[in-house]
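The primary structure of each chain is shown beneath.
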Amino acid sequence: MHNLSKVIALSLTSLLLSGSVLTAIMPRNLPEAGLLAFAAPSAMTAATRSIKRPIVTPDSITFGAYDPHGDFDEPSSSRIEHLFLPWEDVDLSTLTLADDYAQARGRSLLISVEPWSWSPDWRLTPQELLQGILNGSRDEYMATVCSAAATLKSPVIIRWAQEMDETDNQFSWSHWQSNDYIAAYRRMVRVCRTHLKTAQYMWSPKGNEGLEAFYPGDDVVDVIGLSVFGFQQYDRYTTGRDQTFFDRLTPGYGRVSHFGKPIMVAELGYEGDDTYVRNWAESVTRRYPDFPALTAVVYFNDREVYPWPNGFGRPDWRVARETTN
C-alpha cells in the first residue's frame, strides 16, 4: 500500500548511532538519495507507548515489523526485520548493518525489492520499466541486490514488486498486464537464484479480486504475502461499521489459500479510537482455525506515505507516540 516518494538522505559517514545499530530500513518517504537509513534507538518510555502495540504471547504466530523508529528494538518483540529498498541508487553495503542487527536479535530478514529508483526524476514509465526487465537490461540491478543479500548471515525472504493487483496504486508495476507481470517476476527470481542460493521468494499481492491472474507459479513462490490495513474512519465510510482484522484478512486469504503456500501478512497497520485499535492489537497475532496457512504478520510501523481516497488523509500506523512537554 505504501509507495515511497522521498527518502531521508543518510550516509554511513554521517550516521551517529547511539548504542547498538538498530533496524536497517528505508524510511518510506521521497528519496533525495538512495542510501539505506537506520533508526536510532527509541527514547520512549513505557508510558508513551500506546495501546496500539500488537500483543504477542508464547502462543502467537510469528510477529515482525518494518520499524524505522526502533519501537520494536527489544530482541523478544519481533522475529522478522522488514526492509524496503529500490534496486538502484542505493548503498547496499548497509545491508550488513541490518544483518548484524537482525542476527543479534535472532531475526530473519524480509527484503522488499521495489524495481525502480525512488526518485521521481529518474523514474521510468510502466512500459519502459517492463521492457527493460523483459529484454534483460535490468538483470544487473536484481543481480546486484541478490549478490549483496547472499553475503548476509540471517535467513532472507525476497519480496519483489508487491501489490501488483492494486489498480489504483502508484507502483509502476501495478499497471502491467498479468502475463507481463508473471514474465517479469519469473525472470527476476531466475536472476536472483543465480546469485542467492538460500533465499525464499514471496509473491505479495494486495489481496484484491482478480489477483489469481498474477500468480507466477509454484516453482517461483515459496510464501505468499498480503497487505491488511484497518482505518476506522474509512471502514465506517465504506462499509458502515468498524472492520476487524478477521474481516479485512478473510477475502485476500480466501483468494490465495488454494495455492497451498504459507501465507504472511507482509504489511499490517491499523488506526482508530482506543476501542478499535485495542481490538486489532489483541487479534492480529492470534491463531485462527479459519487461517491455517497464516504463519506471520509484519507490522508497518510508520505513517502512510500517500493520502487515502475520499479525503481521509494519511493514517499514522505507528504503535507509539512521542509526548512533548
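Notes on the structure follow. (Residues numbered from 1 in each chain as written. Predicted model: local features only at pLDDT ≥ 70, side-chain atom pairs only at ≥ 80, totals over all residues. Heavy atoms only, no water.)

1. A look at helix α2 (residues 126–134)
Because the α-helix completes a turn every 3.6 residues, residues three or four places apart line up on one side.
Inference 1: Those residues of α2 not exposed but buried are Leu-129, Leu-130, Gly-132 and Ile-133. Mapping the buried residues of α2 onto a view down its axis gives an arc of 165°, with all of them on the same face.
Inference 2: Contact partners of the buried residues in α2: α3 (139–149), β6 (156–160) and α4 (178–195).
Inference 3: Once α2 finishes, Gly-136 follows within two positions and takes phi at roughly 90°, a positive value. (Buried < 20%, exposed > 50% of the residue type's maximum accessible area, 1.4 Å probe, protein only. Helix = DSSP H or I, 4+ residues; strand = E, 2+ residues; numbered from the N terminus. Arc of directions from axis to C-beta. Contact = heavy atoms within 4.5 Å.)

2. Quick notes on the side chain of Ser-154
Inference 1: Inspection of the secondary structure assignment puts Ser-154 in the loop between α3 and β6.
Inference 2: Residue classification places Ser-154 among the buried positions, given a relative accessible area of 5%.
Inference 3: Here the side chain of Ser-154 touches Asp-99 through a polar contact of 2.6 Å, side chain to side chain.
Inference 4: If we ignore the near neighbours within four places in the chain, the residues touching Ser-154 are Asp-99, Ala-102, Gln-103, Arg-107 and Leu-109. (Polar contact = N/O pair within 3.5 Å; in protein donor to acceptor, adjacent residues only side chain to side chain.)

3. A look at the nonpolar core
Generally speaking, soluble globular proteins have nonpolar side chains that are buried together.
Inference 1: Judged by nonpolar contacts, the single largest core of 83 residues is most densely connected at Met-142, Ile-158, Trp-160, Trp-203 and Phe-245.
Inference 2: Broken down by element, this core gets its largest block of residues, seven residues, from α4.
Inference 3: Counting residues in each nonpolar core, the second largest holds nine residues, with Ile-157, Met-202, Val-223 and Ala-266 among its members. (Core = buried A, V, L, I, M, F, W, Y, C linked by side-chain atoms within 4.5 Å.)

4. Considering unusual backbone geometry
Inference 1: One non-glycine residue, Asp-89, lies in positive phi territory at about 60°.
Inference 2: Take Asp-89: it is sitting in the loop between β4 (80–86) and α1 (95–104).
Inference 3: Look at Glu-163: it is not a glycine, yet its phi comes out positive at around 55°.
Inference 4: Relative to the assigned elements, Glu-163 resides in the loop between β6 and α4.
Inference 5: Judged by its relative accessible area of 0%, Glu-163 falls in the buried class.

5. Side note on the pairing of strand β3 (residues 62–66)
Inference 1: Taken across its five residues, β3 has four buried, putting it largely inside the fold.
Inference 2: As defined by bridge partners, β3 adjoins strand β10 (residues 294–300) across five bridges and the pair is classed as parallel. Bridging across to β10, Phe-63 finds its partner in Val-297.
Inference 3: Bridge analysis of β3 against β4 gives two bridges, and the strand direction is parallel. If you follow Ala-65 over to β4, its bridge partner there is Glu-81. (Pairing = 2+ DSSP bridges.)

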